[in-house]
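Remarks on the overall topology
So the chains spell out like this:
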Amino acid sequence: MSNRLRIGMVGYKFMGKAHSNAYRSLPMFFPSAPLQPEMSVICGRNEQGVQVAARQFGWSESVTDWRDLVKRNDIDLIDINAPSDVHKEIVVEAALHGKHLFCEKPLALSLADSRDMLQAAEEAGVSHMIGFNYRFSPAVQLAKQLVESGRLGKIYHFRAFFLQDWIMDPSFPLVWRLQKEVAGSGSHGDLGAHLIDLARFLVGEFHEVIGMSETFIKQRPLALEMTGLSAKGSAGANAPMGEVKVDDATLFLARFAGGALGSFEATRFAAGHRSTNSFEINGSLGSVRFDFERMNELEVYFTQDEESVQGFRRVLATDPAHKYSEAWWPSGHTIGFEHTFTHEMLEMLNAISEGRQPVPNFHDGVACQAVLEAVERSIEERRWVSIEEM
């Protein structure tokens, strides 16, 4: 078996750049990985745009038809970071052709579609992974170790919020992330999905939820151009408008199967918050706090410390004792957002080499989608909804 994994990637904008950077960085910083990525083909609908991306990101070839790409014998894995409405179709077709799968979150537009995608991947016997990159911050990995080792005791609370402000201007255009038929939901599925996954990763499965949501800006100018989280639209009083059909903000409460209580907030209307992704866990023996804007740090508190030195301490998760950190820079030299994707891709390559499923995988994507839809049902029916109902 060759030690090269030949990758075909569908998507070339925000996440396409992040994934490309991860593939390029991995051989330099993790040279002992049993498989190394080969950036073979990048795919996008705009021929000129994808050609530019191929040159800029370092892909050998560019194409515009993903249907042809998934059939190719010189491709081992399909990486899908295109908008959410095409995830299912690409995954199912790629699985039929025996390709390993990496798919960005949320896995699909609906729970039913996500289950179909999982079934297709399982029946094809291929590896499948979903892109929950925040799990792969060394500080989050440390939080996981403290919970699993029992250092925090019995877990009582998980509270989390993901706050952004990039669409507060009413003149900001109707980008695809604000279109339900393309994105599935707004801040709930885009930002809340990450919080749900972190909660499942750190605390365990959800039992029931109750929520509320709001769309503050009901109509926006139609977009003329979109790139990542920026866009241009028509200006003036007569600019064509479109209806916003997704949430601008969603909040919900949760009970976990293990007995803990949870609170979650996802919004794009928190002025001054560019991308505040934060959680706190409280247990009988201690607590941890994390904020991705200071992603190299974990605040840790232990009740069993002597009273004279009790208080939250800052742990800088850059020492070799912290997962992934040894591969990068000397202690105290921090890493950033892009490194979480490199760690994510490392897990995928290791899992494929070892003949196991990567973690997180499509099972996690389905579980996350079940919580997302349970919250939506709760909002619609104004009641607590059990995850078992979904």
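Up top is the structure.
Let us look at the structure shown here. Sequence positions are assigned chain by chain, starting from 1 and proceeding in written order. Since the coordinates come from a predicted model, pLDDT governs what is reported: local features require at least 70, and pairs of side-chain atoms require 80 or more to be given and counted, while whole-chain, interface and lining totals use all residues. The basis for every side-chain value is the complete set of non-hydrogen atoms in the structure, without hydrogens or water.

The strand order across the open sheet formed by six strands is 3-2-1-4-5-6, and the pairing between neighbours is parallel. Each edge of the open sheet carries a strand with a single partner, namely strand 3 (61-63) and strand 6 (128-131). Neighbour-to-neighbour, the strand axes of this sheet turn through a mean angle of 25 degrees, independent of strand direction. For two strands to be treated as a pair, DSSP must find no fewer than two bridges joining them. Each helix is a run of DSSP H or I of at least 4 residues and each strand a run of E of at least 2, with the numbering of both proceeding from the N terminus. Pairing analysis gives four bridges linking strand 5 (residues 100-104) to strand 6, with the strands arranged parallel. By the bridge assignment, Phe102 is partnered in strand 6 with Met129. We call two residues contacting when some pair of their heavy atoms lies within 4.5 Å. In this description, a line fitted to the C-alpha atoms serves as the axis of each element, helices being fitted only across the stretch in contact, and the angle between N-to-C directions of two axes falls anywhere from 0 to 180 degrees. On top of the sheet, helix 1 (residues 14-29) reaches strand 1 (4-10), strand 2 (36-43), strand 4 (77-80) and strand 5; it is set at about 155 degrees to strand 2, its chief contact.

Between Lys or Arg on one side and Asp or Glu on the other, a salt bridge is scored when a side-chain nitrogen of the former is within 4 Å of a carboxyl oxygen of the latter. With the rule as written, the count across this model stands at 28 salt bridges. In this structure, the salt-bridge partner of Glu38 is Arg4, at a minimum N-O distance of 3.8 Å. Of this pair, Glu38 sits in strand 2 while Arg4 sits in strand 1; the two residues are 34 residues apart in sequence, bridging distant segments of the chain. For every residue, the accessible area (1.4 Å probe, protein chains only) is compared with the maximum for its type, and the residue is labelled buried under 20%, exposed over 50%, or partly exposed between those bounds. On the accessibility criterion, Glu38 (30% relative accessible area) is partly exposed. You can call Arg4 partly exposed: its relative accessible area is 35%. Among the ionic pairs, Lys105 bridges to Asp190, the shortest N-O distance being 2.8 Å.

Think of an α-helix as turning once every 3.6 residues; residues three or four places apart then point the same way. Helix length check: helix 5 (residues 111-124), at 14 residues, gives a terminal C-alpha distance of 20 Å against a target of 20 Å (1.5 Å per residue), a fit within 8%. When we look at burial in helix 5, the residues that qualify are Leu111, Ser114, Met117, Leu118, Ala120 and Ala121. Where the residues of helix 5 are buried, they touch helix 4 (87-96), strand 5, strand 6 and helix 10 (362-381). Once helix 5 finishes, Gly125 follows within two positions and takes phi at roughly 70 degrees, a positive value. Here the expected span of a helix is defined as 1.5 Å times the quantity of residues minus one.

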